[in-house]
Every structure is written in C-alpha cells, then in structure tokens.
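One letter stands for each residue in the lines below.
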Amino acid sequence: MTNIAILGFGVVGGGVYEVISRASKSPLNEVNIKYILDLRSFPDHPLGDRVTTDFDKILADESVSVVVETMGGDGVAYKFSLAALKAGKNVVTSNKAVVDKYGKELEAAAKENGVVYLYEASVGGGIPIIAPLNNCFMGDDILRVAGILNGTTNYILTHMQSDGKSLEEALKTAQELGYAEADPHADLAGLDTARKIAILAGIALDKYISYTEIPYIEGIENVTSEDIALAEQLGCVIRLIAVAERVGDKARILVAPHLVGNGSLFHAIREAFNAVSVTGSAVGEVVFYGQGAGSLPTAAAVCGDIERAISGKARAHVRQACDEGFILDGSTGGKFITLANGKKYRYFE
Ligand code: HSE
C-alpha cells in the first residue's frame, strides 16, 4: 500500500480520486489516498473523513510518499511542493503556473532529496508529451515543437464555427465543462498556451524558459465570427497555435491564432482536443493527439506520474544547458495570409 495526499480537490484532484478508484492494476490499485487537503469539506464524499486543512500533518507523516498538487495558482501550491520535496516526498502536479515559474528550483530540490517532481498533466491534459520528450526523443535533435495546447480556446473556436456561437457563449459552456482556468483570461489571452509551450520548448532545448520570456503572445480575443467564415472560404480553420522552432542560433517561439489549411493534421483538431507536433532531425514529424483538458483525461496523466514515482521508473531530471545559447525570437520567419476583410493571420503548415 502506498499512501498519497491530494492537495486541492477540484476538477483535477477529484478526477485523480476517480481514476485511482477504478484502477485495476498494481501499483495504482494499491494506492491509499490518506489525506485530501482542501479548505472546503466534502461530508457526502466516500473520503470525506480524510479531508484536512492542515498541510503540516501531511508533511510530518512519513508514510506519505507522493504528494499530488492540483491546487492551482503559484503561491501556496509552490510552497507546499517545495516543502514536500524537501521532506523527501515525490511531487506530481498538473499545475503549469508553478512548473513555469519554479520548475528549475523544484527539479533541483527533487534531485537533491532523491525524489521526483513530475508534471505530465501540466501540458496537453491527457496527452503523454513530457515523458516522450524527456525520454524517447533524447537521442534526436528536436527542430520544432508546435501545438494546439489549450482546450478552452479550441472548444470556443470550434463552436464559433460549427454552431455560430459567440465567443462569450462558447466560453460559458467551456467553463461549465471544467475546461477553463479559474480566470479564463489566461486561456483567451494565450497565456495558458504560452506556459505550456515554454515548458515543452524548455525540455526540447534542455534549458529553463518562462512564458514571460516568449517574445510574442496573442490570444483569440480579436478573432471574430467573420474571420472564421472568411477562413472557411479559403478551406482553413482558425486555431490558437504555439510554435517553438530552431532557426540557426535562435529559437523562434510564439503563440498566435493561425489559419490552418486542410492539408494539416491540425485542421481536424476540434472541441477541447489538443495536438502536439514534434519534429526531430532524424525521426521527422511525430504528432500526439488527445483530450487536452477536463477532469479524467488530466487525472489520467497525473496518475501515470504517480505510478512512475512509486515504481521508480522516473528519474530526477535537471536540465543542463546554460542560460545562454538561444536567443528567443518571436518575429523570425512565418507565412501570413490576409483575409478578405483585410485582417492578417499567420499560416500554419
Ligand atoms: N484551461 C486549460 C485548457 C486546462 O483549456 O487547456 C488544461 O490545462
């Protein structure tokens, strides 16, 4: 039996409970959720008696070997993660804000204390992308990582096109479905996507990159129904896409709405699905596709990390490259198309 604690019992934390309850194989079916840290109480939940507001109790309990941080935010969530790592507990998270801001420090703390800090669920919901980048692609030079990395905006763009919904109407449903951030501005303005591409690009370039360093971030707030209809006349859809690619000694990184032609796999990405394309110098293009947001898909990624932490399959990873080496550039290259209403969009191919 492995004891774990879940910090934050919201959409993702609740999903982790669901996935663990239905686990059929070891070691996940031997996991005991000993504590749930939340300010709310859940009297009708089967684990209602495990809910606590006392993090120190979790920290002091040597039988807890994995702490699952699904709280969100980058304040308390960071402090608790660092304290847990220093206490020799593995930490698994879906929290991209903490990974973006403190990943370097937390990975170093994990290594120092002989445990792991894992965050597969922080990018692409249920899509396995961080473990493949950290493992399978290590023998190749990654030339480009590009992705539709935000379920909420993809859901909105899909429904603005297919049912003629307004951005606000589609956002409301995305919020009801548990896709959106607590403050959906992070989704709409491209900040959530930026955090995710910063995490992926950092792994690909073997350095730590914060989304605040990305030179160009544009969200979907200015995409109109007219733009979508005019794009459709050209055989295109509009999708919020993040691109990180090597161009000489520069890394071109940006987040922006793009026109996507029907020759691209990204043309078919609808609803809250995400897709990530990784191009290696030897392997060529590899595309990952799956549910990018929502309770169970994200929880499935968290539980994969719990399994890897328990079984010792994950190694503590600290990126090696020095902070120099790549100039981050949002302007280089790229093809643009002008719509009939005069609005110019980047073209994704
Ligand atoms: N708000 C995020 C999204 C949640 O819509 O993709 C998953 O990271």
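In this numbering scheme, every chain counts its residues from 1 along its sequence in written order. Local features in this predicted model are restricted to residues of pLDDT 70 or higher, and side-chain atom pairs are both shown and tallied only at a pLDDT of 80 or more, whereas totals for entire chains, interfaces and linings draw on every residue. Note: side-chain values were computed over all heavy atoms of the structure, leaving out hydrogens and water.

Below, the discussion takes up the overall build of the protein chain. Numbering of helices and strands starts at the N terminus; helices are DSSP runs of H or I of at least 4 residues and strands are runs of E of at least 2. The secondary structure content of the protein chain amounts to 11 helices and 15 strands. Only C-alpha atoms enter the radius of gyration, while the globule expectation follows 2.2 Å times N to the 0.38, with N the number of residues. On C-alpha atoms alone, the protein chain measures out to a radius of gyration of 20 Å, which is about the 20 Å that the 2.2 N^0.38 rule sets for 349 residues. Reported as C-alpha extents along the three principal axes, the dimensions of the protein chain are approximately 65 × 45 × 35 Å. Burial status across the protein chain gives 56% buried among its 349 residues. Only heavy atoms enter the contact rule, under which two residues are in contact if any of them lie within 4.5 Å. For the protein chain, long-range pairs separated by at least 24 residues make up 71% of all intrachain contacts whose partners lie at least 6 apart in sequence. Here the accessible surface of atoms and residues is derived via Shrake-Rupley with a 1.4 Å probe, and residues count as covered only by protein chains that are part of the display. Total accessible area on the protein chain stands at roughly 14,500 Å², and carbon and sulfur atoms take up 51% of it. In this charge count, Lys and Arg are treated as positive and Asp and Glu as negative; neither His nor the chain ends contribute. Taken as the charge location is NZ of Lys, CZ of Arg, CG of Asp or CD of Glu. Charge separation in the protein chain, taken as the distance between the mean sites of 32 positive and 43 negative side-chain charges, equals 2 Å. Burial status follows relative accessibility: with a 1.4 Å probe on protein chains alone, a residue under 20% of its type maximum counts as buried, one over 50% as exposed, and anything between as partly exposed.

Okay, the domain arrangement of the protein chain next. As assigned here, the protein chain comprises domain 1 (2-118) and domain 2 (130-292 + 323-348). Residue-level contacts link 8 residues of domain 1 with 12 residues of domain 2. The term buried area means the drop in 1.4 Å probe accessible area that two parts suffer when joined, counted for both and summed. Here domain 1 and domain 2 share an interface that buries about 810 Å² over both sides, 56% of which is from carbon and sulfur atoms. Looking at the side of domain 1 facing domain 2, the largest losses of area belong to K96, D100 and K104, adding up to 72% of the total buried there. In this structure, the salt-bridge partner of K96 is E181, at a minimum N-O distance of 2.9 Å. Under this definition, polar contacts are N or O atom pairs within 3.5 Å; protein pairs additionally need one hydrogen-donor-capable and one acceptor-capable atom, and for neighbouring residues in sequence, both atoms have to be side-chain atoms. Inspection of the domain 1/domain 2 interface yields 5 residue pairs in polar contact (both at pLDDT 80 or more). Domain extents, as shown, originate in an automatic or database domain assignment. Within this document, salt bridges are pairs made up of a side-chain nitrogen of Lys or Arg and a carboxyl oxygen of Asp or Glu, the two lying within 4 Å of each other.

On to the packing of aromatic side chains, then. Here a pair means two rings of Phe, Tyr or Trp (six-membered ring of Trp) with centres within 6.5 Å. Their orientation is stacked below 30 degrees between planes, edge-to-face above 60, and tilted elsewhere. Summed over the entire model, instances satisfying the criterion amount to 9 aromatic pairs. Relative to F42, the ring of F9 has its centre 5.2 Å away and its plane inclined at 85 degrees; by these criteria the two rings are edge-to-face. Of this pair, F9 sits in the loop between β1 (2-7) and α1 (11-21) while F42 sits in the loop between β2 (31-37) and β3 (51-52); the two residues are 33 residues apart in sequence, bridging distant segments of the chain. F42 matches F9 in its accessibility class, with the two residues each being buried. Every member of this aromatic cluster is reached through a ring pair, and the members are F9, Y17 and F42. The ring of F336 has K344 lying over it, and the distance from NZ or CZ to the ring centre is 5.1 Å. Only when the NZ of Lys or the CZ of Arg is both within 6 Å of the ring centre and within 35 degrees of the ring normal is a charge said to sit over the ring.

Empty pockets left among the atoms are what a rolling probe the size of a water molecule brings to light. In this model, the largest pocket occupies a volume close to 840 Å³. G72, K96, A180, E181 and A182 are, among the 37 residues lining the largest pocket, the residues nearest its centre. Listing elements by their share of the lining of the largest pocket, those giving two or more residues are α1, α4 (96-112), α8 (185-188) and α9 (191-205). Counted by class, the lining of the largest pocket contains 11 nonpolar, 18 polar and 8 charged residues. When we break the lining of the largest pocket down by domain, the ones giving at least three residues each are domain 1 (2-118) and domain 2 (130-292 + 323-348). The pocket and cavity definitions rest on a 1 Å grid over protein atoms only: a 1.4 Å probe that fits but cannot leave marks a cavity, an open set with protein on both sides within 12 Å along at least five of seven lines marks a pocket, and residues lining either have an atom within 4 Å of a point. Grid points are joined across faces, edges and corners, and a volume is the space filled by probe spheres set on the points. In this structure, the second largest pocket encloses a volume near 220 Å³. Lining the second largest pocket are 18 residues, and of these L118, N134, R308, R315 and H317 lie nearest its centre. Note on residue classes: Ala, Val, Leu, Ile, Met, Phe, Trp, Tyr, Cys and Pro are nonpolar, Asp, Glu, Lys and Arg are charged, and everything else, Gly too, is polar. Residue composition of the lining of the second largest pocket, by class: 9 nonpolar, 3 polar and 6 charged. For the lining of the second largest pocket, the two domains that each supply at least three residues are domain 1 (2-118) and domain 2 (130-292 + 323-348).

Turning our eyes to something else, we now look at the environment of G88. Within the secondary structure layout, G88 lies in the loop between α3 (76-86) and β5 (90-93). Residue classification places G88 among the partly exposed positions, given a relative accessible area of 36%. Considered as a pair, G88 and T158 are 70 residues apart in the sequence and their alpha carbons are 44 Å apart. When neighbours within four sequence positions are excluded, G88 is seen to be in contact with N113 and V115.

Here we take up unusual backbone geometry. Both trends apply: most residues other than glycine have a negative phi, and most peptide bonds are in trans. In this structure, the amide linkage connecting S26 to the following residue, P27, adopts the cis form with an omega of 5 degrees. Structurally, P27 can be placed in the loop between α1 and β2. Even without being a glycine, D206 presents a positive backbone phi close to 60 degrees. Note on placement: D206 falls in the loop between α9 and β8 (216-217). The exposure class of D206 is partly exposed, given its relative accessible area of 24%. Its identity as a non-glycine residue notwithstanding, E271 has a phi of 55 degrees, on the positive side. By the element assignment, E271 lies in the loop between β10 (250-261) and β11 (273-280). By relative accessible area, E271 is classed as partly exposed at 27%.

Of note, E169 is situated in helix α7 (residues 167-176). Residue classification places E169 among the partly exposed positions, given a relative accessible area of 45%. Once the C-alpha coordinates of E169 and H159 are considered, the two residues, 10 residues apart in sequence, prove to be 9.2 Å apart. A distance of 2.9 Å separates the side chain of E169 from the backbone nitrogen of S166, its partner in a polar contact.

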